[in-house]
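# Reading the structure
Below, each chain spelled out in residue letters.
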Amino acid sequence: MVNRTIASEGDDLMSIHVTNLSKTFTEDEGEELVVLDDIDVTVGDGEFYTVMGPSGCGKSTLLNILAGTIPMDRGEIEYAGSPISPTDLPVGYVFQEPRLLNWRTVGENVDLVLRERDLSKSQREERIVDVLEMVGLHDERESYPLRLSGGMRQRVGIARALAVDPSILLMDEPFSSLDELTARNLRDDLLDLWKSTEKTIIFVTHDISEAVYLSESVTFLDTRGRIFHQSEIEHDRPREPDDPALLETEAALMKTFFDHMATIQSV
Amino acid sequence: MYGYLGKRVNVGYDSRLYQPTLYTLIAFLGLWQLLSLFFSPRDLPGLVHLAEITYSVVSGADQFSFVEHAWITTQRILVSFVFIMVIGTVLGITMGVSKYKEFLTVPVMIFLTFPAVVWAFILVMWFGALTTYFVVVTVTVLAVTPYVAVNIWKGAESIDDDLLEMAHSFDLSTTAIWRHIFVPALMPFLYSSGRLAFALAWKLSLVAEIFGSSVGIGFVVHYYFGAVRADMIIAWSIPMMLAMFGIERALKIVEKRSFAWRPEVDDVHSEVKTA
Ligand SMILES: Nc1ncnc2c1ncn2[C@@H]1O[C@H](COP(=O)(O)OP(=O)(O)OP(=O)(O)O)[C@@H](O)[C@H]1O
Ligand SMILES: [Mg+2]
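The rules behind the values
Residues numbered from 1 in each chain as written. Chains lettered and ligands numbered in written order. Predicted model: local features only at pLDDT ≥ 70, side-chain atom pairs only at ≥ 80, totals over all residues. Heavy atoms only, no water. Helix = DSSP H or I, 4+ residues; strand = E, 2+ residues; numbered from the N terminus. Buried < 20%, exposed > 50% of the residue type's maximum accessible area, 1.4 Å probe, protein only. Contact = heavy atoms within 4.5 Å. Areas by Shrake-Rupley, 256 points an atom, 1.4 Å probe, with all protein chains shown as cover. Pairing = 2+ DSSP bridges. Axes fitted to C-alpha atoms, helices over the stretch in contact; angles between N-to-C directions. Buried area = accessible area lost by both parts, 1.4 Å probe. Salt bridge = Lys/Arg side-chain N within 4 Å of Asp/Glu carboxyl O. Polar contact = N/O pair within 3.5 Å; in protein donor to acceptor, adjacent residues only side chain to side chain. Nonpolar A, V, L, I, M, F, W, Y, C, P; charged D, E, K, R; others polar. Near = heavy atom within 4 Å. UniProt positions renumbered as here; feature names shortened; annotations may be inferred. Patch = residues over 30% accessible without salt bridge, like charges linked within 9 Å, V, L, I, M, F, W, Y side chains within 5 Å. Left-handed = near helix turned anticlockwise from the far one by under 90°. Phe/Tyr/Trp six-rings, centres within 6.5 Å; stacked < 30°, edge-to-face > 60°. Lys NZ or Arg CZ within 6 Å of the ring centre and 35° of its normal.

### Let's talk about the overall build of chain B
Within chain B one finds 11 helices and 0 strands. Overall, chain B shows an N-to-C arrangement of helices and strands of α-α-α-α-α-α-α-α-α-α-α. Looking at chain B as a whole, 44% of its 275 residues qualify as buried. When contacts within chain B are restricted to residue pairs at least 6 apart in sequence, long-range pairs at least 24 apart make up 74% of them. When the accessible area of chain B is evaluated, it comes to approximately 14100 Å², of which 72% is carbon and sulfur surface.

### Let's talk about the sheet that holds strand β1 (residues 16–26) of chain A
Residue and element names in this part refer to chain A. Strand order in this open sheet of 4 strands is β2-β1-β4-β5, and the pairing throughout is antiparallel. The sheet is open, and its two borders are formed by β2 (32–43) and β5 (82–83), each paired with just one other strand. Against the sheet, helix α2 (residues 59–67) makes contact with β1, β2 and β4 (74–79), and its axis sits at roughly 115° relative to β1, the strand it touches most.

### Concerning the interface of chain A and chain B
Contacts between chain A and chain B engage 24 residues on the former and 20 residues on the latter. Of the roughly 2100 Å² buried between chain A and chain B, counting both surfaces, carbon and sulfur atoms make up 63%. The three residues of chain A that bury the most area against chain B are R99(A), W103(A) and E116(A), which together make up 30% of that side's buried surface. There are 2 salt bridges connecting chain A and chain B. The salt bridge involving R99(A) is made with E165(B); its shortest N-O contact spans 2.9 Å. Joining chain A to chain B, the criterion identifies 7 residue pairs in polar contact (both at pLDDT 80 or more). Where the side of chain A that touches chain B is concerned, the elements lending two or more residues are α2, β6 (91–94), α3 (106–115) and α5 (150–163) of chain A. With 3 residues, α3(A) is the largest single contributor of residues to the side of chain A that touches chain B. When the residues that make up the side of chain A that touches chain B are grouped by side-chain class, the tally is 12 nonpolar, 4 polar and 8 charged.

### Considerations on the site of ligand 1
Residue and element names in this part refer to chain A. The immediate surroundings of ligand 1 are formed by F25, L33, V35, S55, G56, C57, G58, K59, S60, T61, E173 and H206. Between ligand 1 and K59, the relevant distance is 2.8 Å, taken from an oxygen atom to a side-chain nitrogen or oxygen of the residue. Note that an oxygen atom of ligand 1 is positioned 3.3 Å from one of the side-chain N or O atoms of E173. When the free accessible area of ligand 1 is taken as 630 Å², the share hidden by the protein chains comes to 62%.

### What to know about the pairing of strand β10 (residues 227–232) of chain A
Residues and elements named next belong to chain A. For β10, the tally of buried residues reaches 5 of 6 residues, placing the bulk of the element in the interior. Summarising the sheet, strand β9 (residues 217–221) and β10 pair through 5 bridges and their orientation is antiparallel. Bridge pairing in β10 places S217 opposite E232.

### Examining the UniProt feature "domain: ABC transporter" (unreviewed entry) in chain A
The UniProt entry lists residues 16–249 of chain A under the feature "domain: ABC transporter" (unreviewed entry), expressed in the numbering used here. Across residues 16–249 of chain A, helical content stands at 33% and strand content at 26%; the span's end C-alpha atoms are separated by 26 Å.

### Some words on a nonpolar patch on the surface
Residues and elements named next belong to chain B. Together, V117, F121, M125, W126, F127, F134 and F211 give the surface a local cluster of nonpolar side chains, amounting to about 770 Å² of exposed area. The leading source of residues in the nonpolar patch is helix α6 (residues 116–127), at 5 residues. Within the fold, F211 resides in helix α9 (residues 174–212).

### Points about α2(A)
The α-helix advances 3.6 residues per turn, and as a result positions three or four apart in sequence lie on the same side. With respect to burial, α2(A) is a largely interior element, 8 of its 9 residues being buried. Among the residues of α2(A), those classed as buried are K59(A), T61(A), L62(A), L63(A), N64(A), I65(A), L66(A) and A67(A).

### Observations regarding the packing of α6(B) against α9(B)
Residues and elements named next belong to chain B. It is at 9 Å that the axes of α6 and α9 come closest, and there the two elements cross at 35°. The handedness of the crossing between α6 and α9 is right-handed. When α6 is examined against α9, the residues A116, V117, A120, F121 and V124 are found in contact with a partner set consisting of L204, V207, F211 and G212. When the residues that make up the contact of α6 with α9 are grouped by side-chain class, the tally is 8 nonpolar, 1 polar and no charged.

### Some thoughts on the packing of aromatic side chains
In total, this model carries 22 aromatic pairs over all chains according to the counting rule given. Seen in terms of ring centroids, Y93(A) and F95(A) are 4.2 Å apart; in terms of plane orientation they differ by 20°. Their pairing is stacked. Each ring, one from F66(B) and one from W236(B), has its centre 5.5 Å from the other, and the planes form 50°; the classification is tilted. In this pair, F66(B) sits in helix α4 (residues 66–97) while W236(B) sits in helix α11 (residues 230–257), placing the two residues 170 residues apart along the sequence. Ring pairing ties together the aromatic residues F48(A), F175(A), W194(A) and F203(A), which thus form one cluster. Its end group placed over the ring of W153(B), K154(B) keeps NZ or CZ at 4.1 Å from the ring centre.

### Here we look at the pairing of strand β3 (residues 48–52) of chain A
Every other side chain in a regular strand lies on the same face of the sheet, so the side chains alternate between the two faces. Residues and elements named next belong to chain A. In terms of burial, β3 is a largely internal element, 5 of the 5 residues being buried. The alternating pattern of β3 places F48, T50 and M52 on one face and Y49 and V51 on the opposite face, and all of these are buried. For β3 and β9, the ladder comprises 4 bridges, and the chain directions are parallel. From the neighbouring strand, T50 faces β9, where its bridge partner is V218.

Set out below in structure tokens:
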């Protein structure tokens, strides 16, 4: 089922290939929970790749594995043509909650992730200014997170992820806790960033319209931990959030999704 | 007395709230004065008499040297305080984050229920009443450390796993995680524990001195207990009470300054937890 066309394009040197990835959690009662079951994922260089699926299907687990925070049980990851350990993938992670240190200023929160790298003080300074500029928060550098709005805090989270200058941006439902108006602004800003930085984005969402609006490609995970569908979203950009053509695509994807869920439930 | 003063400290520097505090203070002193009319000055001195004998104590006119005894007591409180905070913090963090917590929780809880007086008697029997520091400091440390450990334990448990996950995803070092996540997250608990430890260390050092020492304010209080002089007991306690109140208050101000990141001052974490 997995679309292999991108992999066969020779110019995608920095693409990510994940093969036979599996992850099983052992729950407190000793029961085994298969969260990812032998999945294959291919994300092209600079692609906006979205993963969708019902709650608890393993979307965050997939991102955490790519971020190197939890180990995989089985599988291979290939990046830029050679095998790589997930801990070495050049990723920046944006979470559903901002996950900022509330006792550090916006600038210090960004600086935190830069300190571990071999950068001079002036290079760090330049990065901080750059990324805060990118997310439109250069005036809030000295503010403490709890004094900012939810949307601004999420922007700080994005700035922090951009600060490490990752080739790959992992985003786990980054806009789901924001009001729709704020979320729309942030989505447009994210698309601008994506276009200007040419980063690869692996984006997780529950929201089908968000997926269709943003992505080049949408992949569906099911509750058994398998990928059951992948679609290329080919609408022209810039897209309009309420464009009937997008709504049609959404409806078609939803139908595919519910049909599949019905078949696995009836088994 | 401490509860009343403690409440006043928590009010902080909001001047609107000072007024009621002032009224309460005046009412309290008035009541004191009124009650003193019905007792002999040796049992419950009037305010003027109390001020006079307190002054005579502090100025060295009493048969016991205030400076000498207060200095010893202060040293004992400070030494106990350091031990209490270090041991309590290490125990609390261990209980909160490590796999050894199962081994620690029950003993700490048992220690928590152990009366300080029992410690004092046991240690005096074992080591005699002549040690300058050992008995008093040990009693105080044994009695107060469990409170601090429990307080810090709650703090360590409240550290957000999501932040730690974030730290790992950005490859932060262990040092950075301690410095930027653990320590700041524990800060409110360290402050509240510190204030609690100070207040309790003062009270328990006094108890320990009464039973286990021949020098210190507790010893003098014990002497005047024998001489049936309640007025002298109060006069000897007042200067230290005021000093403790001042320290508590100073700690509170330092604490507020260091929490500039909080949108408004909330006292939820910093409330002294004695339970
Ligand atoms: N450390 C863990 N130990 C045991 N089970 C876990 C662990 N982490 C996640 N799980 C379980 O694995 C499953 C997948 O979790 P995951 O967080 O990846 O889901 P998700 O698709 O991101 O869900 P949501 O949309 O609600 O965020 C869930 O059932 C979850 O309870
Ligand atoms: Mg999730």
